[in-house]
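Results of the structural survey
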Amino acid sequence: MAEKHFKYVIVGGGVAAGYMAKEFAKLGVNPGELAIISKEGVAPYERPALSKAYLFPEGAARLPGFHVCVGSGGERLLPDWYKEKGIQLIVSTEIVKADLASKTLRSAAGETFKYDILIIATGSTVLRLTDFGVQGADAKNIFYLREVVDADQLVEAIKAQKNGKAVVVGGGYIGLELSAVLKMNNLDVTMVYPEPWCMPRLFTAEIAAFYEGYYASKGIKIVKGTVAVGFTSDANGEVKEVKLKDGRVLEADIVVVGVGGRPLTVLFKGQVEEEKGGIKTDGFFRTSVADVYAVGDVATFPLKLYGDTRRVEHVDHARKSAEQAAKAIKASEEGKRIEEYDYLPYFYSRSFDLSWQFYGDNVGDAVIFGDNNPASPKPKFGSYWVKDGKVVGAFLEGGTAEENKAVAKVARDQPQAKSLDHLSQVGLAFAL
Ligand code: FDA
Ligand code: NAD
């Protein structure tokens, strides 16, 4: 099979790849120089849509509606855009072998790709209950959600199981967003997670209490402090019950599992330095191997603001790290220097009529402010995190664009806090 050569190859065709192509095009890339190789069959799209509008019972989002870069208010890059720019979009092509020493990639179909510069943008994959040996976890109608093909299967199952029972395993991002859309689709939803409250990696007990109360008011049942240890299925192999560690058994026509992700670094194991589960980079997303960059979910990068290294599994960083890497590559070719990446962590989620944003670091002491009564007609509340007397993180539910901008500024500037009580009293006004 013929070998193809490109100056730049991005392996992975998700959020980071799309934003990187846009930035490369902006900075100037010649036709034929850049290729994106993606396992998925479609051009890069805004992945967050899959757990939200893609699953709505009415007016659902569908491709090509949410190709990048609509999620950040930018131009929507359809396959024709890549053609016009001379960027090769090589879809439905999984890279199964990477040899960084010879700058060679091999696809599952046996094609060979050579590059001068490689950008690793393979993102994450889901953790599966079968990985933990949960009995019966390979039954039909147990779903995971990462790619558009997964979402399509889930849409079919939701249609087939009208008014049926859904069990959602996991109380993180997927758990919370999927429980809401399944409920909107009229399924009878039960969430199960091991921790004492939902989204423990970000939420405090007080923040979580609001969401749990709100979800309960929508009719979602929550089972905490236990895990799924097995599934029973019927004669067709379709899931019927979820067995919990505490002995309870839940009926289920559909199960959605969101028990975390794992960065896809396996192709590069032993060839590149890793840290904190990801591929170690500097502030320009260069890895330990010359001419190899890593961006998005897979990169463990220096977080300048905290003098620390982090891996971030969120879309804002996928976009910004990709743009930074494209700028760094172009600058180094021109013998110029750019500023090091200086990222302010930004996470968000939306479900039902709710919408929260978080900026900064959730370390130190947290304090809550505002109206966090789930029964309020328009709840609006937030939290600040204070470390060494400074506000280092801020969370806001129900904020306006201007208010969110203000809390982002607080997290970036890290002003001194008089006291936790004072912050709680003044609330949002502190940021404004
Ligand atoms: P991404 O996963 O987008 O892309 C990786 C691509 O590489 C995929 O196309 C994959 O198929 C491909 N690939 C992997 N291995 C390959 C190989 N060997 N060969 C070829 N191709 C390969 N974040 C947020 O901030 N707010 C939100 O609301 C959401 N919502 C959300 C919903 C859902 C359902 C998911 C799964 C994730 C989110 N996220 C999110 C997280 C966010 O989407 C995520 O951080 C970014 O998509 C990461 O971008 P990357 O480009 O790094 O990976
Ligand atoms: P997560 O890390 O947010 O949550 C995992 C959750 O799984 C934990 O909170 C815990 O409740 C639960 N869990 C762990 N082991 C379990 C077990 N054995 N049984 C039951 N529950 C168990 O991961 P996720 O929700 O699966 O999300 C996957 C990826 O998608 C992450 O990278 C996430 O950042 C991304 N994502 C982000 C958003 C967003 O930013 N709004 C939305 C969807 C997905």
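Residues numbered from 1 in each chain as written. Chains lettered and ligands numbered in written order. Predicted model: local features only at pLDDT ≥ 70, side-chain atom pairs only at ≥ 80, totals over all residues.

Some details on the overall build of the protein chain
From N to C terminus, the protein chain includes 9 helices and 26 strands. The C-alpha atoms of the protein chain give 22 Å as radius of gyration, which agrees with the globular expectation for 432 residues (22 Å, within 12%). Referenced to the eigenvectors of the C-alpha coordinate spread, the extents of the protein chain come out at roughly 65 × 60 × 40 Å. Looking at the protein chain alone, contacts between residues at least 24 apart form 62% of all its contacts between residues at least 6 apart. (Helix = DSSP H or I, 4+ residues; strand = E, 2+ residues; numbered from the N terminus. Rg over C-alpha atoms; globule rule 2.2 N^0.38 Å. Contact = placed C-beta atoms within 7 Å.)

Overview of the site of ligand 2
Close to ligand 2 lie 25 residues; Gly172, Tyr173, Ile174, Gly258 and Glu313 are nearest. Of all elements in the fold, only α4 (173-184), β10 (188-193) and β22 (346-351) reach the threshold of two or more residues within the shell around ligand 2. No other element matches the 4 residues that α4 contributes to the shell around ligand 2. Residues belonging to the shell around ligand 2 are distributed by class as follows: 11 nonpolar, 11 polar and 3 charged. (Near = placed C-beta within 6 Å. Nonpolar A, V, L, I, M, F, W, Y, C, P; charged D, E, K, R; others polar.)

Structural notes on the domain arrangement of the protein chain
On domain assignment, one finds that the protein chain holds domain 1 (3-125 + 262-334), domain 2 (129-259) and domain 3 (353-430). Computed from C-alpha coordinates alone, the two centres of domain 1 and domain 3 are separated by 33 Å. (Domains from an automatic or database assignment.)

Regarding the UniProt feature "domain: Monodehydroascorbate reductase 3-like C-terminal" (unreviewed entry) in the protein chain
Within this structure's numbering, the places UniProt gives as "domain: Monodehydroascorbate reductase 3-like C-terminal" (unreviewed entry) are residues 344-431. Along residues 344-431 the backbone is 27% helical and 41% strand, and the end-to-end C-alpha distance reaches 16 Å. (UniProt positions renumbered as here; feature names shortened; annotations may be inferred.)

A short note on the pairing of β22
Every second residue of β22 is oriented toward a common face, the buried set being Phe347, Ser349 and Ser351 and the non-buried set Tyr346, Tyr348 and Arg350. Following β22, the chain reverses through 2 residues before pairing antiparallel with strand β23 (residues 354-360); Phe352 in that reversal takes a positive phi of roughly 45 degrees. (Buried ≥ 20, exposed ≤ 12 C-beta atoms within 10 Å, placed from the backbone. Pairing = 2+ DSSP bridges.)

Overview of the nonpolar core
Formed by 73 residues in total, the largest nonpolar core has its most connected members in Phe143, Val255, Val256 and Ala394. With 7 residues, the single largest contributor to this core is α4. Residues in contact with Phe143, not counting those within four places in the same chain, are Asp150, Gln153, Leu154, Ala157, Ile254, Val255, Val256 and Val257. With 56 residues, the next largest nonpolar core counts Ile10, Leu89, Val298 and Tyr343 among its residues. (Core = buried A, V, L, I, M, F, W, Y, C linked by C-beta atoms within 7 Å.)

A short note on unusual backbone geometry
Cis peptide bonds are those with omega within 30 degrees of zero, and the linkage from Leu63 to Pro64 qualifies with 15 degrees. Within the fold, Pro64 resides in the loop between β2 (34-37) and α2 (79-85). Note the cis peptide between Val68 and Cys69, where omega equals 15 degrees. Along the chain, Cys69 falls in the loop between β2 and α2.

Focus on the sheet that holds β10
Where strands meet in a sheet, backbone hydrogen bonds hold them as pairs that are either parallel or antiparallel. With parallel pairing, 5 strands are arranged side by side in an open sheet as β8-β15-β9-β10-β11. Among the strands making up the open sheet, the edge pair consists of β8 (142-143) and β11 (221-224). Taken together, the 2 bridges between β8 and strand β15 (residues 254-257) define a ladder with parallel strand orientation. Looking at β15, one finds that Phe143 is bridged to Val256.

Here we look at the site of ligand 1
Around ligand 1, a shell composed of 36 residues is seen, among which Gly12, Gly14, Ala16, Gly123 and Gly296 lie nearest. Broken down by secondary-structure element, the contributors of at least two residues to the shell around ligand 1 are α1 (15-27), α6 (315-333) and β22. Of the residues that constitute the shell around ligand 1, the class distribution is 16 nonpolar, 11 polar and 9 charged.

So, the confidence of the model for the protein chain
When pLDDT drops low, the exact placement of atoms in the prediction is not to be read closely. When pLDDT is averaged along the protein chain, the result is 97; 100% of the residues meet or exceed 70. Helix α8 (residues 420-426) is the least confidently modelled element of the protein chain, averaging 95 in pLDDT, while strand β19 (residues 292-294) averages 99, the highest of any element. (pLDDT = per-residue confidence, 0-100.)

Regarding helix α7 (residues 401-413)
The end-to-end C-alpha distance of α7 is 18 Å, a good match for the 18 Å that 13 residues give at a rise of 1.5 Å each. Inspection of α7 places Asn404, Val407, Val410 and Ala411 among the buried residues, and these make up the whole buried set. Buried positions in α7, seen along its axis, are confined to an arc of 115 degrees and lie on one side of it. The exposed residues of α7 that point more than 90 degrees off its buried face are Ala401, Glu402 and Asp413. (Expected span 1.5 Å × (residues − 1). Arc of directions from axis to C-beta.)

Digging into the sheet that holds strand β21 (residues 308-311)
Judged by pairing direction, the sheet is mixed, and its 4 strands sit side by side in the order β17-β18-β20-β21 without closing on themselves. Pairing within the sheet leaves two strands with one partner each, and these edge strands are β17 (274-275) and β21. In this structure, strand β20 (residues 299-303) lies alongside β21, joined through 4 bridges in antiparallel fashion. Paired with Pro302 across the two strands is Thr309, which belongs to β21.

Digging into helix α5 (residues 205-217)
Taking 1.5 Å per residue, 13 residues should reach 18 Å; α5 reaches 18 Å between its end C-alpha atoms and fits that length. By the burial criterion, the buried members of α5 are Ile207, Ala208, Phe210, Tyr211, Glu212, Tyr214 and Tyr215. Positive phi shows up at Gly219, right after α5, with a value of about 95 degrees.

Comments concerning the packing of α1 against α6
Their axes nearest at 8 Å, the elements α1 and α6 cross at an angle of 35 degrees. Relative to α6, α1 is oriented so that their crossing is right-handed. Here Val15, Ala16, Tyr19, Met20, Glu23, Phe24 and Leu27 of α1 lie close against α6, whose contacting residues are Val315, Ala318, Arg319, Ser321, Ala322, Glu323, Ala325, Ala326, Lys327 and Lys330. Taken together, the residues of the contact of α1 with α6 sort by class into 11 nonpolar, 1 polar and 5 charged. (Axes fitted to C-alpha atoms, helices over the stretch in contact; angles between N-to-C directions. Left-handed = near helix turned anticlockwise from the far one by under 90°.)

Some points on the pairing of β15
Because side chains alternate across β15, one face comprises the buried residues Ile254 and Val256, and the other comprises Val255 and Val257, equally buried. Sheet topology note: the strand β9 (residues 165-169)/β15 ladder contains 4 bridges and is parallel. Bridging across to β15, Val167 finds its partner in Val255.

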